[in-house]
Amino acid sequence: MEAGGEEFAIGVVISAKTTLGEEFEGQIVAFDRPSNLLVIHILPKSLMLLNRISISQEGVGRAERGERRNVRVLKANYIREFSVVSKGDDPLDPSSCMLDLNAIYAREDAALRQAEIEAERIGVGVTPEAQSIFDALSKTLPVQWDKTDIVVMKEVRVRSPYLPENVSGGTAAANERVKKVIDFERKRLHSRVPGQFS
């Protein structure tokens, strides 16, 4: 659906139905005409029902401290039909926007820590089969990479080519557990893609 000038103006609150049948009400935060992209702050139904009359006076763009917003970016032509509910305040007005910088920094730190944890789980210079074995072991046991070796429970070491015979260290019980997982995972890999992992 091509948008006409004022209909997708910043601050306008619309009720929309997408081509996929989704229905929502939200305030337009931005509209980029060249890419035909809309940024919409999706409003909770309860807020819309309770404040439908006073939206223009109260200002939908204002957020309480710590409030999270559901923002959606979508192509305007994915909107099958819409109606203008009202005109709210400018949602990007700096005088009414609140940013909790401490919360933002905390979320950034948490995301960086999570990215580091996930990066440590990816072997460098290892085969896809080795990565699959690592992933299978990590489902039930604490594992980490030591260059191309898989270290399980900080005591059992699995060296390339990652066969049960290449398991060393640790207690006999731990050793046997790791061998069973490796054997099972190798069989699973060979049955899924015969001839790929030989």
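A brief structural summary. The structure presented is a predicted model; accordingly, all values stated were derived computationally and were not measured. Residue positions are given per chain, counted from 1 along the sequence in the order it is written. Where totals are concerned, whole chains, interfaces and linings use all residues; where local detail is concerned, this predicted model gives features only for residues with pLDDT of at least 70, and gives and counts side-chain atom pairs only at 80 or more. The side-chain numbers reported here are obtained from all heavy atoms of the structure, hydrogens and water having been left aside.

1. Digging into helix H4 (residues 128-138)
Counting buried positions along H4 yields nine of eleven residues, so the element is predominantly enclosed. Only protein chains enter the accessibility calculation, which uses a 1.4 Å probe; a residue whose area is less than 20% of its type maximum is buried, one above 50% is exposed, and one in between is partly exposed. Numbering goes from the N terminus for both helices and strands, where a helix is a DSSP run of H or I of at least four residues and a strand is a run of E of at least two. Looking at H4, one finds that the buried residues are Glu 129, Ala 130, Gln 131, Ser 132, Ile 133, Phe 134, Ala 136, Leu 137 and Ser 138. Of the surrounding elements, those touching the buried residues of H4 are strand E6 (143-146), strand E7 (149-152) and helix H5 (172-192). Contacts are assigned to residue pairs with any non-hydrogen atoms lying within 4.5 Å of each other.

2. As for H5
An ideal rise of 1.5 Å per residue puts 30 Å on 21 residues; H5 measures up with 30 Å between its terminal C-alpha atoms. Looking only at H5, the buried set comprises Ala 174, Asn 175, Val 178, Val 181, Ile 182, Glu 185, Arg 186 and Leu 189. Considered in projection along H5, the buried side chains sweep an arc of 130° and stay on one side of the axis. The exposed set on the far side of H5, more than 90 degrees from its buried face, consists of Ala 172, Ala 173, Lys 180, Phe 184, Lys 187 and Ser 191. Considering only its buried residues, H5 is in contact with H4, E7, strand E8 (156-158) and strand E9 (167-168). Given the number of residues in a helix, its expected span is that number minus one, multiplied by 1.5 Å. Our arc is simply the arc of the directions from the helix axis toward the C-beta atoms.

3. So, the sheet that holds strand E1 (residues 12-18)
The five strands lie next to each other as E4-E3-E2-E1-E5, forming an open sheet whose pairing is antiparallel. The sheet terminates laterally at strand E4 (70-75) and strand E5 (79-87), the two strands that pair on one side only. Between one strand axis and the next, the sheet turns through 40° on average, direction left out of account. Strands are treated as partners if at least two bridges between them are detected by DSSP. The pairing of E1 with E5 spans seven bridges and is classified as antiparallel. Note on geometry: axes are C-alpha line fits, over the in-contact stretch for helices, and angles between N-to-C directions span 0 to 180 degrees.

4. Some details on a nonpolar patch on the surface
Patch definition: residues above 30% relative accessible area lacking any salt bridge, with like charges linked at up to 9 Å and the nonpolar side chains Val, Leu, Ile, Met, Phe, Trp and Tyr linked at up to 5 Å. To be clear on the numbers: accessible area is Shrake-Rupley with a 1.4 Å probe, and residue cover counts the displayed protein chains and nothing else. For this analysis, a salt bridge means a side-chain nitrogen from Lys or Arg found within 4 Å of a carboxyl oxygen belonging to Asp or Glu. Where nonpolar side chains cluster on the molecular surface, the patch consists of Leu 101, Ile 104 and Tyr 105 and spans about 290 Å² of accessible area. Assignment of secondary structure puts Tyr 105 in helix H3 (residues 101-120).

5. Thoughts on the sheet that holds E6
Here four strands make up an open sheet; going across it, the order is E6-E7-E8-E9 and the pairing antiparallel. The two strands at the open ends of the sheet, each matched to only one other strand, are E6 and E9. Alignment of E8 against E9, held across two bridges, turns out to be antiparallel. Paired with Arg 157 across the bridge in E9 is Ser 168.

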